[in-house]
Amino acid sequence: MSASARTLRVAVIGAGMAGQAHAFGFRNASMSDALAGTRVELARIVDAHLPAAEAAASRYGFTSFGDDVQSVIDDPSIDIVSVALPNGQHREVLLPLIASGKHIFTEKPLGVSLREAAEIADFAARFPAVHGVGFSYRHIPALAALAREVQSGTIGEPYHFEVVYYASHAADPTVPYTWRFDVDRSGGGALIDLGIHCIDTVRFVVGEIDEVVSGVMTTVIDRRNDRGTAEEVTNDDVTAAVLRSGRAVGTFITSRVARGEPNRLTIAVYGAKGSGGFSTDRYDEFWLYQATDPEPAVDGPRRVVAGPAHPYYADVSSFRSRGVGTGYGEAFVAEMQDFLRAIVEDRQLEADFSAAVASMRVADEIIEKAGARRPRRDDRSVDADADAA
Ligand SMILES: NC(=O)c1ccc[n+]([C@@H]2O[C@H](COP(=O)([O-])OP(=O)(O)OC[C@H]3O[C@@H](n4cnc5c(N)ncnc54)[C@H](O)[C@@H]3O)[C@@H](O)[C@H]2O)c1
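Remember, predicted model here, so these are calculated numbers, not experimental data.

This paragraph deals with the pairing of strand β1 (residues 7-13). Across the seven residues of β1, six count as buried, placing the element largely inside the fold. Taken together, the seven bridges between β1 and strand β2 (residues 39-46) define a ladder with parallel strand orientation. Each bridged residue has a counterpart across the sheet, and for I13 the counterpart in β2 is V46. On the question of chirality, the crossover connecting β1 to the parallel β2 by way of helix α1 (residues 17-27) is right-handed. Strand direction decides the pairing type here: β1 and strand β4 (residues 80-83), joined by four bridges, are parallel.

What follows is the structure, encoded as structure tokens:
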């Protein structure tokens, strides 16, 4: 069958926040010209909590839903499986899925540790299918455009950079305990949940991270309520590190307790000939400064609004013109289009399992530099019970 006449049947495992973003991405993937004629069918969505699977099936138009992963493995008509499960379940679910020979897309992190990520990647390398990982930020058109400028030398050799990912979903001490606060089921807190996107973003925009110079991890809310029991939080609320990429030095900080910051990733890079940056505060643009004969009266960085001249934009924006906006939803469309194109063109992705291992290696070095897998506590920590009192 020719590539242009192909139907690809997709199953999504996990109907939570990320699983629904995957469904959104697959549902809109046909907007890519390069996928013209490739039919993407939302065949099945699975969640251990059946009502969640049913609701997502109805919302996104899946043909069927269920509560067991085996039903997907056993269905030879399913070509693609997209996994969006709690981190601690990735390994257990991924290994048999990979062994089925289907194309696999999985959320980050690849496993709960570098060892697990490497094991999964090594196993996947034995199968010819396409294996992608959910580094969604690198698919935001404006961020991808910044990366293209930095990589093509527009700002010269990078001298230094800063990257942050701030969120506030855990800032309130009464936020209940979930798998996200358990180091065994998550692999880490802010670092592994949010900071892993920063690590990938630095690798994407600036270059390989050659060294973790130092790292600090802290937990500021020690206990959280789990249906009446005060459970210990065993991973980081805040992590900071100093990194080196080539000759460039960078600072990195991530927090899930950043009051007033619902969800923000920002990167800025300063080089020999200019500088540039991107922030999810303004998804649809990046800033660029080129120190070429600056006229002092108007010298300064300029705002570049994303458009069809930039990566992904024409394939994900409902208007193929500048200024109408792209956001995080479009990043998931672009991510799934990239994955589907790799399948159609029979090649591997840039954001493949080896990219996931590379990011986990950096995270692992930060944990090591911070001195402990479990973060340090001190007596300034806020306790959920004390705060509620
Ligand atoms: N790329 C991103 O921007 C992004 C954003 C959010 C989450 N994530 C990643 O996505 C993954 C899932 O996170 P989430 O926020 O969607 O979590 P979530 O808790 O919202 O959803 C997880 C879902 O998996 C289901 N589930 C748990 N175990 C299962 C099993 N064995 N079989 C079938 N279903 C099962 C749960 O019932 C739940 O509905 C995590 O790895 C997280 O790191 C990525």
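From this point, the discussion proceeds with the structure in view.
What follows is about the site of the ligand. As a matter of local geometry, the ligand sits amid 23 residues, with A18, D47, N87, Q89 and Y328 nearest to it. A distance of 3.1 Å separates an oxygen atom of the ligand from a polar atom in the side chain of H90. Out of a free accessible area of 850 Å², the ligand has 82% covered by protein chains. In this structure the site holding the ligand corresponds to the largest pocket. Classifying every residue of the shell around the ligand gives nine nonpolar, nine polar and five charged.

Moving on, we get to the sheet that holds strand β16 (residues 302-305). The sheet built from eight strands is open, its strands ordered β8-β11-β12-β7-β13-β14-β15-β16 with mixed pairing. The open sheet has two edge strands, β8 (211-218) and β16, and neither has a second partner. Geometrically, the sheet is characterised by an average inter-axis angle of 10° between neighbouring strands, direction not taken into account. In this structure, β8 lies alongside strand β11 (residues 238-245), joined through seven bridges in antiparallel fashion. Bridge pairing in β11 links V212 to L243. Strands β7 (158-167), β13 (263-271), β14 (274-279) and β15 (285-290) of the sheet are contacted by helix α6 (residues 141-151), whose axis makes an angle of about 20° with β15. Relative to β8, helix α11 (residues 353-370) is tilted by about 65°, and along the sheet it contacts β8, β11 and β12 (248-255).

Bringing the packing of α1 against helix α10 (residues 328-344) into the picture now. At a minimum axis separation of 7 Å, α1 and α10 run at an interaxial angle of 65°. Remark: the crossing between α1 and α10 carries right-handed chirality. For the pair formed by α1 and α10, the contact residues are A21, H22, F24, G25 and F26 on the first element and G329, E330, F332, V333, M336, F339 and L340 on the second. Taken together, the residues that form the contact of α1 with α10 break down as eight nonpolar, three polar and one charged.

Each value, and the rule that gives it
Residues numbered from 1 in each chain as written. Predicted model: local features only at pLDDT ≥ 70, side-chain atom pairs only at ≥ 80, totals over all residues. Heavy atoms only, no water. Buried < 20%, exposed > 50% of the residue type's maximum accessible area, 1.4 Å probe, protein only. Helix = DSSP H or I, 4+ residues; strand = E, 2+ residues; numbered from the N terminus. Pairing = 2+ DSSP bridges. Right-handed = clockwise from strand over helix to strand, strands pointing away. Near = heavy atom within 4 Å. Polar contact = N/O pair within 3.5 Å; in protein donor to acceptor, adjacent residues only side chain to side chain. Areas by Shrake-Rupley, 256 points an atom, 1.4 Å probe, with all protein chains shown as cover. 1 Å grid on protein atoms, 1.4 Å probe; cavity = no way out; pocket = protein on both sides within 12 Å on 5 of 7 lines; lining within 4 Å. Sits in = over half its atoms within 2 Å of the grid points. Nonpolar A, V, L, I, M, F, W, Y, C, P; charged D, E, K, R; others polar. Axes fitted to C-alpha atoms, helices over the stretch in contact; angles between N-to-C directions. Contact = heavy atoms within 4.5 Å. Left-handed = near helix turned anticlockwise from the far one by under 90°.

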